[in-house]
Amino acid sequence: MLSDKLHQNQNLIVQAQKLIVSVMLILLMLRPQLLSITLFALIITNILTAFSAIKASHITKNKFMQMSLVLGLIFLLGMIGTKNLDRAIFDVVQKFSIPLIGFLIIYPFSGDKKSIQFIKNSFVFSGMATLLLCFILAYMKHAETGSLDPFYYTELSAFMHPGYFAMYLSFALAIMLDERKSFCLDYKSSIIFNLGAAFLITGIFFLASKSGYVTVIALGILFANKEIRNAKNPRLKRKIEILAVLFLLGISAALVLKSNRIKLMIYDYNHFETTNDENLSTAGKRVLIWESAGGVIHDHFWIGTGVGNDNAALKKEFENRGYKYLASRNLNAHNQFIQAFITLGISGFLFMLLYLFFPLWIGIKNKDFLLIAFSWIIILNAFTESILNRQAGVLFFTIWAFLLVIQKPKSPKLPAKQ
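Because the structure is predicted, anything quoted here is derived from the model rather than measured. (Residues numbered from 1 in each chain as written. Predicted model: local features only at pLDDT ≥ 70, side-chain atom pairs only at ≥ 80, totals over all residues. Heavy atoms only, no water.)

What follows covers the packing of aromatic side chains. Under the counting rule described, the total for this entry stands at 28 aromatic pairs. The ring of Phe 118 carries Lys 18 above its face, with NZ or CZ at 4.8 Å from the centroid. (Phe/Tyr/Trp six-rings, centres within 6.5 Å; stacked < 30°, edge-to-face > 60°. Lys NZ or Arg CZ within 6 Å of the ring centre and 35° of its normal.)

Structure, rendered in structure tokens:
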């Protein structure tokens, strides 16, 4: 009887944790201010499982958890001598939240295919629902003003930065592509699947995120490669290859010819040296940011500026170069690898490379399409955003990395029935 009650209670708590993580991913898109509530609930449910010691013994054997802890410790050591303590504490807390949240979800979910499938489905549904809501709000604004601007870029992304929203939708698309065979069982379900995928791609296009564009093309390449490898019929392989090439050429042409942001980006790349930094597009500003970051790296190559001092050092470099607008914005490097280089020097940069490429290596090793897709999404976005310096990036990376990379340990033995 005691054993049955323990099993029943544990199963109920795991179901509750599954719902909490799904709600957490929904709030990440709609109301990130409420995420602390779900994190607190996850902590409480983990305490109720009373398996902390068992979990710890398994977690300490996992390389990804070890690397996450090392990342936090590196940033903690980087606080020594900081001149911006508040900023340093915030940065260290963000980095330690990765192994902490990983600890909270590793035991109940990692390797549990049913729970992970539920969370995947919830993420795809919440992504589509959020995108639909954004289009509805955009239409309401259009009805009032007659302008088409509400359907584009920041005005369409009503709840978060469009770059992060495009990243979420890209991963929702990757989940759909990975589950295509299990979903498309007949003609009707295939139509629904194609419409859903087209809706996500359309949303990414209208969000006008350059990293989103590149990510969609990368997903197309990965998915085509997967289908070609799995196809046994030579004719089918050729059809897939032709369709993949046409898809990639079509979407690339559409992005280049129709996207005003890409046209403006190309113009800025050719004229950014003679244009005031405030008048540049986001792409042009990034060129100046990365150029300035190179100056900071040159001065702090070996040990970096130290945690908390990175943005201040970058701001000083902006001022020295006469970029008044950029200096007033207190910006980060908008590149996770460059940000790590500025903060921790060459060793921090190399470790960040190793850390973010580790899930990709695991995905390739295990021939896991979804993990490979997730890793590429993270890496591509890390080139244009300091994703581990913002809550939107940290939580997204942490939840999915720990769900997909780490395998569930063997279930603990419960007392024999009395």
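Let's pick the thread back up.
Another point: the nonpolar core. Judged by nonpolar contacts, the single largest core of 92 residues is most densely connected at Phe 123, Phe 171, Tyr 355, Phe 374, Phe 396, Phe 397 and Trp 400. Sort the elements by how many residues they give to this core and helix 8 (residues 162-178) lands first, with 13 residues. Look past the residues within four positions of Phe 123 in its chain and what remains in contact with it is Leu 25, Met 29, Tyr 168, Phe 171, Ala 172, Ile 175, Phe 396 and Trp 400. Formed by 16 residues, the second largest nonpolar core is a distinct cluster that contains Ile 289, Ile 338, Phe 341 and Ile 342. (Core = buried A, V, L, I, M, F, W, Y, C linked by side-chain atoms within 4.5 Å. Buried < 20%, exposed > 50% of the residue type's maximum accessible area, 1.4 Å probe, protein only. Helix = DSSP H or I, 4+ residues; strand = E, 2+ residues; numbered from the N terminus. Contact = heavy atoms within 4.5 Å.)

What follows is about the pattern of salt bridges. Across all of its chains, the model carries 5 salt bridges by this definition. Among the ionic pairs, Arg 321 bridges to Glu 317, the shortest N-O distance being 2.8 Å. Here Arg 321 and its partner Glu 317 are both found in helix 15 (residues 310-321), 4 residues apart, which amounts to about one turn of the helix. For Arg 321, a relative accessible area of 34% puts it in the partly exposed group. A relative accessible area of 12% places Glu 317 in the buried class. Within this structure, Glu 291, Glu 317 and Arg 321 form a network of salt bridges that share partners. (Salt bridge = Lys/Arg side-chain N within 4 Å of Asp/Glu carboxyl O.)

With 15 residues, helix 19 (residues 391-405) should cover 21 Å at 1.5 Å per step; its first-to-last C-alpha distance of 20 Å lies within 8% of that length. When you tally the buried positions in helix 19, you get 14 out of 15 residues, the bulk of the element. (Expected span 1.5 Å × (residues − 1).)

In the contact formed by helix 4 (residues 63-77) and helix 17 (residues 336-366), the axes pass within 11 Å of each other and the chain directions differ by 160°. It follows from the interaxial angle that helix 4 and helix 17 lie roughly antiparallel. As helix 4 packs across helix 17, the resulting crossing turns out to be left-handed. For the pair helix 4 and helix 17, contact is made by Lys 63, Phe 64, Met 67, Ser 68, Val 70, Leu 71, Ile 74 and Phe 75 and by Thr 343, Leu 344, Phe 351, Met 352, Leu 354, Tyr 355, Phe 358 and Pro 359, respectively. Residue classes in the contact of helix 4 with helix 17 are distributed as 13 nonpolar, 2 polar and 1 charged. (Axes fitted to C-alpha atoms, helices over the stretch in contact; angles between N-to-C directions. Parallel < 35°, antiparallel > 145°, perpendicular 65-115°, else oblique. Left-handed = near helix turned anticlockwise from the far one by under 90°. Nonpolar A, V, L, I, M, F, W, Y, C, P; charged D, E, K, R; others polar.)

Phi is positive for His 334, which is not a glycine, with a value near 55°. As for its placement among the helices and strands, His 334 is situated in the loop between helix 16 (324-328) and helix 17. Taking the relative accessible area as the measure of exposure, His 334 reaches 16% and is therefore buried. Positive phi outside glycine occurs at Lys 367, with the angle close to 55°. Here Lys 367 shows up in the loop between helix 17 and helix 18 (369-382). Looking at Lys 367, the relative accessible area reads 76%, which means it is exposed.

What follows covers a nonpolar patch on the surface. On the surface, a cluster of nonpolar side chains totalling about 550 Å² of accessible area is made up of Leu 132, Leu 133, Ile 136, Leu 137, Tyr 139 and Met 140. Tracing the sequence through the fold places Ile 136 in helix 6 (residues 113-145). By relative accessible area, Ile 136 is classed as partly exposed at 42%. (Patch = residues over 30% accessible without salt bridge, like charges linked within 9 Å, V, L, I, M, F, W, Y side chains within 5 Å. Areas by Shrake-Rupley, 256 points an atom, 1.4 Å probe, with all protein chains shown as cover.)

Right, let's talk about helix 17 for a bit. Across its 31 residues, helix 17 extends only 26 Å between first and last C-alpha, which sits more than 12% below the 45 Å expected from 1.5 Å per residue. Along helix 17, the largest kink reaches about 140° and is centred on Leu 344. Regarding helix 17, its N-cap is Asn 335, as a side-chain oxygen of that residue lies 3.0 Å from the backbone nitrogen of Phe 337 further along. In the segment just after helix 17, Lys 367 is the residue with positive phi, at about 55°. (Bend = angle between axes of the 7 residues up to and from the residue. Polar contact = N/O pair within 3.5 Å; in protein donor to acceptor, adjacent residues only side chain to side chain.)

One way to put it is that helix 18 packs onto helix 19 with a least axis distance of 10 Å and a crossing angle of 155°. Taken together, the axis directions place helix 18 and helix 19 in an arrangement best described as roughly antiparallel. Note on packing geometry: the crossing formed by helix 18 with helix 19 is left-handed. Contact with helix 18, carried on its side by Leu 370, Leu 371, Phe 374 and Ile 378, involves Phe 396, Phe 397, Trp 400, Ala 401, Leu 404 and Val 405 of helix 19 and no other residues of that element. Split into classes, the residues belonging to the contact of helix 18 with helix 19 amount to 10 nonpolar, no polar and no charged.

That is the geometry; function is a separate question.
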